[in-house]
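# Notes for the structure review
Spelled out from the first residue to the last, the chains are:
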Amino acid sequence: MEKKQKVLILCSGNSARSQMAEGFLREMAGDRFEVMSAGTEPAEEVNPLAVTVMQEDGIDISSQQPKDLSLYLGKTFIHYLIIVCSKAHDACPRVWPGLMSENNRLYWPVDDPAAVEGSEEERLEAFRSARNELRDELAAWVASL
């Protein structure tokens, strides 16, 4: 049996985008990948609206917790690094110790749904949009491997 490849998904707060991506990738290809996520400035908790919109897609991320990038940087060999926000892209080291190849560093900037202000429904729509963008990116990526 082949060992699962490790994927680290990174954003700034590790409270929404990277958590949703982690949930999707586990659902889509958890048999192929060990999926982790982290943030450059992790929040205290996963954003409740991220949990809500993922539940709409049948994926439960309510038990996931934000983690600091320092848990993995230089300590964990990873096959793929997926960065889902520009703030984390700017803060993340260009050379990742333990990353198999720089070609395995993927950058998919997704607008931060937590930054959207407005009614609850407007905010939910922002989270749904981010969720859908991440789901589509991940599905295309997994299919390409």
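Residues numbered from 1 in each chain as written. Predicted model: local features only at pLDDT ≥ 70, side-chain atom pairs only at ≥ 80, totals over all residues. Heavy atoms only, no water.

## Regarding the pairing of strand S2 (residues 33-39)
S2 sits mainly inside the fold: 6 of its 7 residues count as buried. Looking at chain direction, strand S1 (residues 5-11) and S2 are connected through 7 bridges and run parallel. Considered in S2, the bridge of leucine 10 is made with alanine 38. In this region the chain leaves S1, passes through helix H1 (residues 17-29) and returns to the parallel neighbour S2; the handedness of that crossover is right-handed. (Buried < 20%, exposed > 50% of the residue type's maximum accessible area, 1.4 Å probe, protein only. Helix = DSSP H or I, 4+ residues; strand = E, 2+ residues; numbered from the N terminus. Pairing = 2+ DSSP bridges. Right-handed = clockwise from strand over helix to strand, strands pointing away.)

## Some remarks on the sheet that holds strand S4 (residues 105-107)
Strand order in the open sheet formed by 4 strands is S2-S1-S3-S4, with parallel pairing between adjacent strands. Of all the strands in the sheet, the pair left with one neighbour each is S2 and S4. Each strand of the sheet is rotated relative to its neighbour by a mean of 20 degrees, with strand direction disregarded. Inspection of the sheet shows S1 paired to strand S3 (residues 80-83) by 4 bridges, in the parallel sense. Within S3, the residue paired with leucine 10 across the bridge is isoleucine 83. Along the sheet, H1 makes contact with S1 and S2, crossing S2 at roughly 180 degrees. Packed on one face of the sheet, helix H4 (residues 120-144) meets S1, S2, S3 and S4 and runs near 155 degrees to S3. (Axes fitted to C-alpha atoms, helices over the stretch in contact; angles between N-to-C directions. Contact = heavy atoms within 4.5 Å.)

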